[in-house]
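# Fold and geometry: a report
The lines below spell out each chain.
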Amino acid sequence: MNYSFDFTPVLAAWPMLLEGILGTLRMSSLSMVFGLTLGIVFMMMRMSRQPVLRTIAIGYIELIRNTPILVQVFFVFFGMPAIGLRLSGEQAAILAMTLNCGAYAAEIVRGGVQSIRPGQIEAGRALGLHTADIYRFIVFRPAIRAVYPALCSQFILMMLNSSLVSSVSAEELTYFAQTLDSQTFRSFEIYLTLGVIYLVLSQFFSAALSMIGRVYFSYPTK
Amino acid sequence: MSVNSSQKAIEMVGVNKWYGPLQVLKGIDLDVSRGEHIVLCGPSGSGKSTLIRCINHLEEIQQGRISVNGTELSQKGTNADHIRRDVGMVFQQFNLFPHLTVLENCMLAQRRVRKTSAAEAKDKAMRHLERVHIAEQAQKYPAQLSGGQQQRVAIARALCMDPKIMLFDEPTSALDPEMVKEVLDTMISLADGGITMICVTHEMGFARAVAHRVIFMDRGEIIESAKPDAFFSNPSHERTRAFLSQILNH
């Protein structure tokens, strides 16, 4: 083996990597927020008494959870223009990741809602609260709290999966790493560094999410 | 409909209810006057909880009529929210909202249902928390309180909606013995205020102290309904006697 390791080209390209990190953070965070929102909407449809809403929700959830995320990204970016929706790489990436995250979040949050004791909902009804208010003010927070760890690992998984959207030239970390690789051919150094950066990002997300959890779910339980 | 129906807080006529093939309420006829205090007792599974849960439509009935303050509850419960404005309920398991403080528990429905201003809602919440002697715990969360304290908060929470009728579903059954008295005392002082009360309980001391009528249910039927003195000293039905001997002689 006569390969001599040289990290200088990688380190010299730090502004590019930083831009990539910001891209990854931006797209992942937006997809998390939109995905959780979408997930809650589909969870409510999934649990609705209306067969039509329920069927739509089940169809969406099953479709997303049983197809590869890369295919979903390609479909949004390459397929949608056929029906007139032409998106930039980043827009397509955020849309695809939101749709993906929404399906998983819907099922996770549903588990949380089902863990709420019926007495909680009955107490709300006995007080005269409407169903929407019962969900918003009584069920939501304890339900999310119950499944928060699962939700966080889903978010982190999605952040890691965001490397796939480099394939539709969304300008995130892996995209810039590939660009750098084609300029310098320092593949070993570049992808090793990339791995380390993703590792640090996961740790960062994990810490940030658990901090949010500690603030939002600070109420004591037995 | 009778002429003095306006004097009736609750009117149940021919109420039948099934869970699948099992009939849990059988031809229930019950009139409750305004300001009347009723204690409902009977063996477990006799349908007493189900009966009071039908009044605010937490349970659906299949046959019969239920009117609350002259308003008939529609079969599918489309006007349940309207009925619930007048009916407060206290549960065996308290059912306080764990993520809200005691004060917030008492404010939520005022704000959302009555659209009361925050200041006014807080004011009323504190008044009722004082009434149940727990105002100093207003900023705590339910899990930080004892069972008896939680149940008193649950009573205050219901009272914040100015109910005309209060339903109690075994309010002391989940409590440690030493906490039963504080909850019963709260309920007795509430009864003194003249509110209409229906209470599912086996606390016979409470029944003697506040009930105008004690009703005994068994297997979905009302077996006996009498003033407490007559009910305890001279029950007319064999099943009532058997039940009383079981709960009074341990």
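Conventions used here
- Sequence order as written defines residue numbering, which begins from 1 separately in each chain.
- Working convention: letters from A go to chains and numbers from 1 go to ligands, in the order in which they are written.
- Predicted model: local features are reported for residues with pLDDT of at least 70 only, side-chain atom pairs are reported and counted for 80 or more only, and whole-chain, interface and lining totals are derived from all residues.
- No hydrogens and no water enter the side-chain calculation; it runs on all heavy atoms of the structure.
- The secondary structure listing takes helices from DSSP runs of H or I that are at least 4 residues long and strands from runs of E that are at least 2 residues long, numbered from the N terminus.
- Radius of gyration: over C-alpha atoms. The globule rule applied is 2.2 Å multiplied by the number of residues raised to the 0.38 power.
- Per-residue accessibility, obtained with a 1.4 Å probe over protein chains only, is compared with the maximum for each type, and a residue is labelled buried under 20%, exposed over 50%, and partly exposed between these values.
- We call two residues contacting when some pair of their heavy atoms lies within 4.5 Å.
- Method for areas: the Shrake-Rupley scheme with a 1.4 Å probe, in which residue coverage is limited to the protein chains shown.
- His is not counted, nor are the chain ends; Lys and Arg add positive charge and Asp and Glu add negative charge.
- To locate a charge, take NZ of a lysine, CZ of an arginine, CG of an aspartate or CD of a glutamate.
- Paired strands, as defined in this entry, are two strands with at least two bridges between them according to DSSP.
- Every axis in this analysis is a line fitted to C-alpha atoms, fitted for helices over the stretch in contact. Angles between the N-to-C directions lie between 0 and 180 degrees.
- Think of pLDDT as the predictor's per-residue confidence, scored from 0 to 100.
- Ring pairs are drawn from Phe, Tyr and Trp, using the six-membered ring of Trp, whenever the two centres fall within 6.5 Å, and their geometry is named by plane angle: stacked under 30 degrees, edge-to-face over 60, tilted for the rest.
- A ring is scored as having a charge over it whenever the NZ atom of a lysine or the CZ atom of an arginine sits within 6 Å of its centre and within 35 degrees of its normal.
- UniProt positions are given in the numbering used here, feature names are shortened, and annotations may be inferred rather than shown by experiment.

Each helix and strand counted, chain B has 9 helices and 10 strands in total. The C-alpha radius of gyration of chain B comes to 18 Å, within 12% of the 18 Å expected for a compact globule of 250 residues. Its C-alpha atoms give chain B principal-axis dimensions of roughly 50 × 45 × 35 Å. The buried share of chain B, reckoned over its 250 residues, is 58%. Summarising the internal contacts of chain B: among those between residues at least 6 apart in sequence, 63% fall at separations of at least 24. Looking at chain B as shown, the accessible area adds up to about 10600 Å², and 48% of this sits on carbon and sulfur atoms. Of the charged side chains in chain B, 29 are positive and 28 negative, and the gap between their average positions amounts to 4 Å.

We now examine the sheet that holds strand β1 (residues 8–19) of chain B. Residues and elements named next belong to chain B. In spatial order, the strands read β2-β1-β4-β5; together these 4 strands make up an open sheet with antiparallel pairing. Edge positions in the open sheet fall to β2 (22–33) and β5 (71–72), since each of these has one partner strand only. Of the pairings in the sheet, the one linking β1 to β2 comprises 8 bridges and is antiparallel in character. For E11, the partnering residue across the bridge sits in β2 and is D31. This element, helix α1 (residues 48–55), spans β1, β2 and β4 (63–68) of the sheet and lies at about 120° to β1.

Moving on, we come to the sheet that holds strand β6 (residues 87–90) of chain B. All names here are of chain B. A sheet is described by the order of its strands in space; here 6 strands give the open sequence β6-β7-β8-β3-β9-β10, paired in mixed fashion. A single partner strand is all that each edge strand has here, and the edge strands are β6 and β10 (221–226). Taken pair by pair, the neighbouring strands of this sheet meet at an average axis angle of 20°, ignoring direction. Pairing geometry for strand β3 (residues 37–41) and strand β9 (residues 213–218), over 4 bridges, is parallel. Residue I38 lies in a different strand from β9, and its bridge partner there is R213.

Turning our attention to the confidence of the model for chain B. All names here are of chain B. For chain B, the mean per-residue pLDDT works out to 93, and 97% of the residues sit at or above 70. Of the regions scoring below 50 in pLDDT, residues 1–5 engages in 2 contacts with residues more than four places distant in sequence or in other chains. Confidence estimates for the predicted assembly give a pTM of 0.88 and an ipTM of 0.92.

With that settled, the discussion passes to the packing of aromatic side chains. Taken as a whole, this structure holds 11 aromatic pairs over all chains when the rule is applied. Considering the side-chain rings of A:Y175 and A:F176, the 5.5 Å spacing of their centres and the 80° angle between planes classify their relative orientation as edge-to-face. The exposure class assigned to A:F176 is buried, which follows from its relative accessible area of 8%. Through a chain of ring-to-ring contacts, the aromatic side chains of A:Y3, A:F5 and A:F188 assemble into a single cluster. Over the ring of A:Y219 we find A:R145, and its NZ or CZ is 4.4 Å from the ring centre. Directly above the ring of B:F97 sits B:R157, whose terminal nitrogen or CZ lies 4.5 Å from the centroid.

It is worth spelling out the UniProt feature "domain: ABC transporter" (unreviewed entry) in chain B at this point. UniProt annotation of "domain: ABC transporter" (unreviewed entry) refers to residues 10–244 of chain B when read in the numbering used here. Annotated as residues 10–244 of chain B, this span is 37% helix and 26% strand, and its ends, taken at the C-alpha atoms, are 27 Å apart.

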